[in-house]
Amino acid sequence: MEATAIEVNGLRKLYGGTAAVDGLDLTVRSGEIFALLGPNGAGKTTTVEILEGYRRRDGGQVSVLGVDPAVVHGRGTRTDPAVRRWRERVGIVLQGTGEFDELTVGEVVTHFARFYPAPDDPATVIDRVGLSAKARARTHTLSGGQKRRLDVALGIIGRPELLFLDEPTTGFDPEARREFWALIRDLARGGTTIVLTTHYLEEAETLADRVGVITAGRLIAVDTPRELGNRASALATVSWRTPEGVWERAQSATPTALVADLAARFGGEVPGLTVTRPTLEDIYLDMIGAAA
Ligand SMILES: Nc1ncnc2c1ncn2[C@@H]1O[C@H](COP(=O)(O)OP(=O)(O)OP(=O)(O)O)[C@@H](O)[C@H]1O
């Protein structure tokens, strides 16, 4: 397996002369969960679809599992064994399986399994995405969240090395989202590299080894969720309640010293004490605000 799953240098994509992706550099390591964050229209989907081989690019170098995805656009590539082999190694979670409305969940997953040389067992995959109770239901009868789970099942049935998920948990209820996160972690533990786009900062924080922030077609920051934008060393906010019942708050670079001081002042327990650092969402919003 390559140490680097995805390498992108100077990627450009123009729509009618306007750059939607404008010199984007990106490296995704094999085996990591990488989350792409960015406001609406930043260029996330365009970037991901170029990596998947679904869109052509106008400039830059791209390597996905050691292959330039642009090969899929060449003549006669549908039948080229090397291109087919690459496609089998890359899993994509598409939105919607409309044309299979009349088939059951089990039939659709079994049908997709036939496209792959060494697919997972359809019943196991249906169980993993939490759709066992719906295995015999026609897909047009599924709820929005259940359809999304089916999309995920179709993305992983071929046991891909690299899985792309574009806003995978939109429309999920909180419990379904947590189950989905467990599934993604499980896939990553099994060695699958995962690239996801999301607008849920909690999702990025919980799942991602690293996050990348895209604004205006460029990657402006990459780091672990804990370290992004110097988050780990950002000022902490300490708040507490005075004996008179008034809430106080102070920002501090040395919150431990402040808390020790308060403990001494109160002679023990500090009423209502909390120490917080900026959330990933705070840092992210600052970052895209500054880039705008
Ligand atoms: N087929 C297209 N034709 C013309 N412009 C397009 C096309 N697809 C995307 N764009 C434009 O490219 C820019 C980037 O779009 P993209 O879908 O990549 O953003 P995104 O970061 O995925 O946004 P979102 O978070 O809303 O999904 C936007 O300004 C969009 O209007």
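- The protein chain has the name ABC transporter in an unreviewed UniProt entry, where Actinoplanes auranticolor is given as its organism.
- Listed under Subcellular location (unreviewed entry) in UniProt, the entry text for the protein chain is "Cell membrane".

## Considerations on the site of the ligand
- Contacts to the ligand come from Tyr15, Ala20, Gly38, Asn40, Gly41, Ala42, Gly43, Lys44, Thr45 and Thr46.
- Within the shell around the ligand, the residues separate by chemical class into three nonpolar, six polar and one charged.

## Some points on the nonpolar core
- Membership of the largest hydrophobic core comes to 55 residues, with the highest contact counts inside it found for Ala35, Val109, Ala153 and Ile194.
- Excluding its chain neighbours within four sequence positions, the residues that come into contact with isoleucine 194 are Ile33, Leu163, Leu165, Ile184, Leu187 and Ala188.

## Remarks on helix α8 (residues 255-266)
- Compared with an ideal rise of 1.5 Å per residue, which puts 12 residues at 16 Å, α8 spans 16 Å between its outermost C-alpha atoms and is within 8% of the ideal.
- Directly beyond the C-terminal end of α8, a positive phi value near 65° is found at glycine 267.

## Description of the domain arrangement of the protein chain
- Taken as a whole, the protein chain is organised into domain 1 (4-95 + 161-229) and domain 2 (235-276).
- On a C-alpha basis, the centres of domain 1 and domain 2 stand 43 Å from each other.

## A few points about the pairing of strand β1 (residues 4-15)
- Examined bridge by bridge, β1 and strand β2 (residues 18-29) share nine bridges and lie antiparallel to one another. From the neighbouring strand, threonine 4 faces β2, where its bridge partner is arginine 29.
- What sits between β1 and β2 in their antiparallel hairpin is a turn of two residues, with glycine 16 showing a positive phi close to 55°.
- With five bridges connecting them, β1 and strand β4 (residues 59-64) associate as antiparallel partners. Paired with isoleucine 6 across the bridge in β4 is valine 64.

## Remarks on the sheet that holds strand β7 (residues 193-197)
- Judged by pairing direction, the sheet is mixed, and its six strands sit side by side in the order β5-β6-β7-β3-β8-β9 without closing on themselves. The sheet is open, and its two edges are formed by β5 (90-93) and β9 (218-223), each paired on a single side. Strand-to-strand twist across the sheet, computed as the mean angle between neighbouring axes with direction ignored, equals 15°.
- Here β5 pairs with strand β6 (residues 162-166) via four bridges, running parallel. By the bridge assignment, isoleucine 92 is partnered in β6 with phenylalanine 164.
- In this fold helix α6 (residues 174-189) packs onto β3 (33-37), β6 and β7, with an angle of close to 145° to the strand it touches most, β7.
- On the sheet, helix α9 (residues 280-291) packs against β3, β8 (210-215) and β9 and is oriented at approximately 30° with respect to β8.

Cut-offs and rules
Residues numbered from 1 in each chain as written. Predicted model: local features only at pLDDT ≥ 70, side-chain atom pairs only at ≥ 80, totals over all residues. UniProt positions renumbered as here; feature names shortened; annotations may be inferred. Near = placed C-beta within 6 Å. Nonpolar A, V, L, I, M, F, W, Y, C, P; charged D, E, K, R; others polar. Core = buried A, V, L, I, M, F, W, Y, C linked by C-beta atoms within 7 Å. Buried ≥ 20, exposed ≤ 12 C-beta atoms within 10 Å, placed from the backbone. Contact = placed C-beta atoms within 7 Å. Helix = DSSP H or I, 4+ residues; strand = E, 2+ residues; numbered from the N terminus. Expected span 1.5 Å × (residues − 1). Domains from an automatic or database assignment. Pairing = 2+ DSSP bridges. Axes fitted to C-alpha atoms, helices over the stretch in contact; angles between N-to-C directions.

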